[in-house]
Amino acid sequence: MTDAPTTPKPEKGGDSEPVPYAGPERVFSGVQPTGNLHLGNYLGAIKKFVALQHRHDCLFCVVDMHAVTVWQDPKRLAAQTREIAAAYLAAGIDPSKGVIFAQSAVPAHAELAWIFNCVARMGWLNRMTQFKDKAGKDKERASVGLFVYPTLMAADILVYKGTHVPVGDDQKQHLELARDIAGKFNLDFAAPGFFPLPEPLIKGPGARVMSLKDGSKKMSKSDPSDLSRINLTDDADAIAKKIKKAKTDAEPLPDSVDGLANRPEAQNLVGVYAALAGKTDAEVLAEFGGQGFGAFKPKLADLAVDTLAPMAADMRRLMDDPAEIDRVLASGAAAARDIAEPVIADVKRIVGFWG
Ligand code: AMP
Ligand code: TRP
């Protein structure tokens, strides 16, 4: 980012090299409770969370405050929050290893977001492509919250001094902004190394799962066609049907990754297979190169059903017993508050707030 600071240059810390963050590593990520959790959310985000919990301190948030940047039916929002928590648990997150909680249960997110609204520049936010996509043609009618969505996201991560953030490829720009905000806060308030510059964890198969109906569009919760995505709650028949109907071209699968160029639908299905199987695209093509989609699709459907069906069954079981989910969310919120409160107390002191 190149915007000149609009704040006076601080006396200390301003001209020196940025001081590296010396605190512990911590993983933070979030998913919005906006319905239709799909294969892209699983492969791009939740599957990575499960792997990370064994090696790091982790917090996995249900970001209900982000969800309300576009209208949500209040009667459904809490149920959708429980559904994401159920998906985290069903995917294999152990709440004693990764803290599972709802964003709105920890007031420090909103407190830090306000300060970050005063650190971030209009020019930075104006460049955010997700706002442009979500606001559509009529920006005047978009909520102010939708515009400042990325400053709340930066606060989510930094109120825990999060250092690593597993997300899908579509969140890359927001994470660059979070790094810029952290850097500018440290500089403006002469607090070198106070916030870490959080690192995105994006790479790997599944970082960008595309629509089953159009290989140029990402798989999305809001696509009007249900055939475009595999929902985490789909049963085996629905999964098999959607894969059978997925758009493809007429050629057989190539023998090498180069042969996937300009074949977005083939590339997507191979990528999904690779991500589900824990293989590379090249390994998948070594197995299936030369075969047509008539042979490949049933194999992909079996693999998807084997992975997703037990998860869907577990999600249904958990949703039938919301008390268990509520217990997880309540103890997660308490654990999250314990980490966030000293950080927000330090921030208030650094900024010069009373008290
Ligand atoms: P959201 O549903 O927008 O809250 O997204 C939750 C997580 O899923 C984020 O880390 C996104 O980057 C990721 N994600 C969403 N859609 C996709 C997709 N089509 N492919 C890969 N990751 C995705
Ligand atoms: N913006 C993310 C998405 O739509 C969700 C999110 C909110 C998030 N806060 C976060 C992701 C903090 C990672 C870290 O997918």
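Residues numbered from 1 in each chain as written. Chains lettered and ligands numbered in written order. Predicted model: local features only at pLDDT ≥ 70, side-chain atom pairs only at ≥ 80, totals over all residues. Heavy atoms only, no water.

Enquirer: Which parts of the structure should I look at to understand the site of ligand 2?
Expert: Neighbouring ligand 2 are 13 residues; Gln-32, Tyr-149, Met-153, Asp-156 and Gln-171 lie closest to it. A distance of 2.6 Å is found between a nitrogen atom of ligand 2 and a side-chain nitrogen or oxygen belonging to Tyr-149. Gln-171 places a polar side-chain atom, nitrogen or oxygen, 3.0 Å from a nitrogen atom of ligand 2. Summarising the interface, the protein chains cover 90% of the accessible area of ligand 2, which totals 360 Å² for the free molecule. Going through the elements one at a time, strand S1 (27-31) and helix H8 (149-158) are the ones with two or more residues in the shell around ligand 2. A per-element tally of the shell around ligand 2 places H8 first, with 4 residues. Among the residues forming the shell around ligand 2, the class breakdown is 7 nonpolar, 5 polar and 1 charged. (Near = heavy atom within 4 Å. Polar contact = N/O pair within 3.5 Å; in protein donor to acceptor, adjacent residues only side chain to side chain. Areas by Shrake-Rupley, 256 points an atom, 1.4 Å probe, with all protein chains shown as cover. Helix = DSSP H or I, 4+ residues; strand = E, 2+ residues; numbered from the N terminus. Nonpolar A, V, L, I, M, F, W, Y, C, P; charged D, E, K, R; others polar.)

Enquirer: Could you clarify how one ought to interpret the environment of Ala-238 in this entry?
Expert: Turning to its location among the elements, Ala-238 is positioned in helix H10 (residues 236-245). For Ala-238, a relative accessible area of 23% gives the class partly exposed. Each C-alpha atom, one on Ala-238 and one on Val-305, is 9.5 Å from the other, the two residues being 67 residues apart in sequence. (Buried < 20%, exposed > 50% of the residue type's maximum accessible area, 1.4 Å probe, protein only.)

Enquirer: So what exactly am I meant to see when it comes to the site of ligand 1 here?
Expert: Around ligand 1, the structure places 18 residues, and the nearest of them are Gly-168, Asp-170, Val-209, Met-219 and Lys-221. Within the side chain of Asn-41, an N or O atom sits 3.1 Å from an oxygen atom of ligand 1. The side chain of Asp-170 places a nitrogen or oxygen atom 2.4 Å from an oxygen atom of ligand 1. When isolated, ligand 1 has an accessible area of 480 Å², and the protein chains bury 92% of it. Per element, the largest residue contribution to the shell around ligand 1 is 4 residues, and it comes from helix H1 (residues 39-52).

Enquirer: Mind showing me how you'd approach helix H11 (residues 264-277) here?
Expert: For an α-helix, 3.6 residues make a turn, and residues three or four places apart therefore share a direction. Compared with an ideal rise of 1.5 Å per residue, which puts 14 residues at 20 Å, H11 spans 20 Å between its outermost C-alpha atoms and is within 8% of the ideal. Within H11, 11 of the 14 residues are buried, which leaves it mostly tucked inside the rest of the structure. All of the buried residues along H11 are Glu-265, Ala-266, Asn-268, Leu-269, Val-270, Gly-271, Val-272, Tyr-273, Ala-274, Ala-275 and Leu-276. In this structure, the buried side of H11 is in contact with H1, helix H12 (281-288) and helix H13 (293-319). (Expected span 1.5 Å × (residues − 1). Contact = heavy atoms within 4.5 Å.)

Enquirer: How should I be thinking about the domain arrangement of the chain in this particular structure?
Expert: One widely used convention gives an interface's size as the accessible area the parts lose upon coming together. As assigned here, the chain comprises domain 1 (27-207 + 322-351) and domain 2 (226-319). A straight line from the C-alpha centre of domain 1 to that of domain 2 covers 29 Å. Counting from both sides, the interface comprises 20 residues of domain 1 and, opposite them, 19 residues of domain 2. Taken together, both faces of the contact between domain 1 and domain 2 bury some 1700 Å²; the carbon and sulfur share is 74%. The largest per-residue losses of area from domain 1 upon contact with domain 2 belong to Leu-39, Tyr-42 and Ala-90, which jointly make up 30% of the total buried on that side. For the pair domain 1 and domain 2, the number of links is 1 salt bridge. Summed over the shared surface of domain 1 and domain 2, the result is 3 residue pairs in polar contact (both at pLDDT 80 or more). Of all elements in the fold, only H1, helix H3 (74-91) and helix H14 (322-351) reach the threshold of two or more residues within the side of domain 1 that touches domain 2. In terms of residue count, the dominant contributor to the side of domain 1 that touches domain 2 is H3 (8 residues). Its residues assigned to classes, the side of domain 1 that touches domain 2 shows 13 nonpolar, 3 polar and 4 charged. (Domains from an automatic or database assignment. Buried area = accessible area lost by both parts, 1.4 Å probe. Salt bridge = Lys/Arg side-chain N within 4 Å of Asp/Glu carboxyl O.)

Enquirer: What am I meant to see in H1 here?
Expert: A rise of 1.5 Å per residue sets the reference length of H1, with its 14 residues, at 20 Å; its end C-alpha atoms lie 19 Å apart and thus fit the reference within 8%. The axis of H1 is deflected most strongly, by about 35 degrees, at Ala-45. Judged by how many residues are buried, H1 sits mostly within the fold: 12 of 14 residues are covered. All of the buried residues in H1 are Leu-39, Gly-40, Asn-41, Tyr-42, Leu-43, Gly-44, Ala-45, Ile-46, Lys-48, Phe-49, Val-50 and Leu-52. (Bend = angle between axes of the 7 residues up to and from the residue.)

Enquirer: Looking at this model, I keep getting lost on the environment of Arg-317. Mind explaining?
Expert: Summarising the element assignment, Arg-317 is placed in helix H13. Accessibility expressed as a relative area gives 46% for Arg-317, which makes it partly exposed. For the pair Arg-317 and Ala-90, spaced 227 residues apart in the sequence, the C-alpha separation amounts to 9.3 Å.

Enquirer: Where do I start with the packing of helix H4 (residues 108-119) against H8 in this structure?
Expert: Interhelical geometry of H4 versus H8 gives an angle of 125 degrees and a closest axis separation of 8 Å. Considering the angle they form, H4 stands oblique to H8. Crossing angle aside, the handedness with which H4 passes H8 is right-handed. Contacts from His-109, Leu-112, Ala-113, Phe-116 and Asn-117 of H4 reach H8 at Thr-151, Leu-152, Ala-154, Ala-155, Asp-156 and Leu-158. (Axes fitted to C-alpha atoms, helices over the stretch in contact; angles between N-to-C directions. Parallel < 35°, antiparallel > 145°, perpendicular 65-115°, else oblique. Left-handed = near helix turned anticlockwise from the far one by under 90°.)

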